[in-house]
Amino acid sequence: MSKDLVQQQFGANAAAYATSAVHAKGASLARLVELVQPKGDWTALDIATGAGHTALAFAPHVASVIASDLTPEMLVESAKLATTKGYTNMTTALADAERLPFPDASFDLVMSRIAPHHFPDIAAFLSESRRVLKPGGTFALVDNVAPDENTTPGFATSDLAAADKAYNGFEKKRDPSHGRALTTAEWTRAIGDAGLKLTHTEHAPKAMDFATWCKTMKVPQDTVAELRTVLTGASGALAAFLKPTVKGDAIGFTLDELIAIAKKPG
Ligand SMILES: C[S@@+](CC[C@H](N)C(=O)[O-])C[C@H]1O[C@@H](n2cnc3c(N)ncnc32)[C@H](O)[C@@H]1O
């Protein structure tokens, strides 16, 4: 069911992701390339590629990259973008992150950016990522995280748990295909449990424009009003995490991306 919702939501809004500034130009894109240090003879896999921005950021640095996604319309967008940018070493593949249609030890680099919060089974996604990586290969993750003591220090555990629930509810109201944004602590544990060795983590806050964020998913007006109330009425740990700002008609807030790099033991 949740995967049908993903295909509905992203199928209907695929073109908006091709031009979305957060996805096309977000700071985590260049930072990911810098941290991963891709090599010219590498084969890479981008899981849940959306409009292909992450696959295409790596295309000039690797031998080949597969842009994979569950939503066929997204693969059409990513192929269009590859043609526009003139990259011939990117191919597309229809693939569920939790059941990758690739043989064991196929890739030097497996990555996924701003997407795993849609996956119902993070352990299956990580286990599949590890399986298709070559020994010594690199796993690279960027995803929006929920508040915990890493992002929002100085609050009681119960306040942070309530803010985590409220933040994930806020995301799900805007996009019913949102599953759950994990906390940094949950990601750290899950990556280790999957047998990947974490080598680096950092956080990248990103400034969001509320109106654009709603428009990208064509959120109905009554839901926009409800989301605005959640944001402007936020207090405690939720307000400290989302940092809402109101300037005239413009409402802004902040999301926090976790960037994590790990290795498959060689
Ligand atoms: C926000 S977009 C991805 C953004 C993109 N990675 C980037 O860096 O611009 C989220 C994508 O996740 C895909 N997706 C969600 N669940 C998936 C799953 N189980 N397997 C593969 N792709 C999935 C959606 O189809 C959508 O294209």
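An account of the accompanying structure is given in this report. (Residues numbered from 1 in each chain as written. Predicted model: local features only at pLDDT ≥ 70, side-chain atom pairs only at ≥ 80, totals over all residues.)

1. Examining the overall build of the protein chain
Helix and strand counts for the protein chain come out as eleven helices and eight strands. Over its C-alpha trace the protein chain gives a radius of gyration of 18 Å, about what one expects of a compact globule, namely 18 Å for 266 residues. Dimensions of the protein chain, computed from C-alpha atoms along their principal axes, come out at roughly 50 × 40 × 35 Å. Of the contacts made within the protein chain by residues no fewer than 6 positions apart, 74% connect residues no fewer than 24 positions apart. (Helix = DSSP H or I, 4+ residues; strand = E, 2+ residues; numbered from the N terminus. Rg over C-alpha atoms; globule rule 2.2 N^0.38 Å. Contact = placed C-beta atoms within 7 Å.)

2. Quick word on the site of the ligand
The immediate surroundings of the ligand are formed by 23 residues, with His23, Ala48, Gly50, Thr71 and Ala97 found nearest. Of all the elements, helix H1 (residues 2-19) adds the most residues to the shell around the ligand, at four residues. Tallied by class, residues from the shell around the ligand come to eleven nonpolar, seven polar and five charged. (Near = placed C-beta within 6 Å. Nonpolar A, V, L, I, M, F, W, Y, C, P; charged D, E, K, R; others polar.)

3. Looking at the pairing of strand S2 (residues 64-69)
Burial analysis of S2 places five of its six residues in the buried class, the great majority of the element. Sheet topology note: the strand S1 (residues 43-46)/S2 ladder contains four bridges and is parallel. In the sheet register, Asp46 faces S2, and the bridge partner there is Ala67. The handedness of the S1 to S2 crossover, carried by helix H4 (residues 53-58), is right-handed. Where S2 and strand S3 (residues 90-94) come together, five bridges link them in parallel fashion. Across the sheet, the residue bridging to Val65 is Met90, located in S3. Following the backbone out of S2, through helix H5 (residues 72-85) and into the adjacent parallel S3, one traces a crossover that is right-handed. (Buried ≥ 20, exposed ≤ 12 C-beta atoms within 10 Å, placed from the backbone. Pairing = 2+ DSSP bridges. Right-handed = clockwise from strand over helix to strand, strands pointing away.)

4. Here we look at helix H3 (residues 27-36)
All of the buried residues in H3 are Ser28, Leu29, Leu32 and Val36. One side of H3 carries all its buried residues, which in axial view fall inside an arc of 105 degrees. Opposite its buried face, H3 presents the exposed residues Ala30 and Glu34, each directed more than 90 degrees away. Here the buried face of H3 lies against H4, strand S4 (107-113), strand S5 (133-144), strand S6 (197-209) and strand S8 (250-263). Of the residues flanking the end of H3, it is Gln37, one or two places downstream, whose phi is positive at about 50 degrees. (Arc of directions from axis to C-beta.)

5. With respect to the nonpolar core
Most often, soluble globular proteins have nonpolar side chains that are buried together. In terms of nonpolar packing, the biggest core is built from 68 residues, with Val65, Val110, Ala140 and Ala260 touching the most fellow members. The greatest single-element share of this core, amounting to six residues, is contributed by S8. Beyond its immediate chain neighbours, meaning those up to four positions away, Val65 contacts Ala44, Asp46, Ala55, Phe58, Ala59, Asn89 and Met90. (Core = buried A, V, L, I, M, F, W, Y, C linked by C-beta atoms within 7 Å.)

6. Thoughts on the environment of Thr184
Note that Thr184 resides in helix H8 (residues 184-193). The partly exposed category is assigned to Thr184, around which 19 C-beta atoms lie within 10 Å. Residues Thr184 and Glu128, 56 residues apart in the sequence, show an inter-C-alpha distance of 20 Å. Those residues in contact with Thr184, other than ones at most four positions away along the chain, are Val145, Asp148, Asn150, Thr151 and Leu258.

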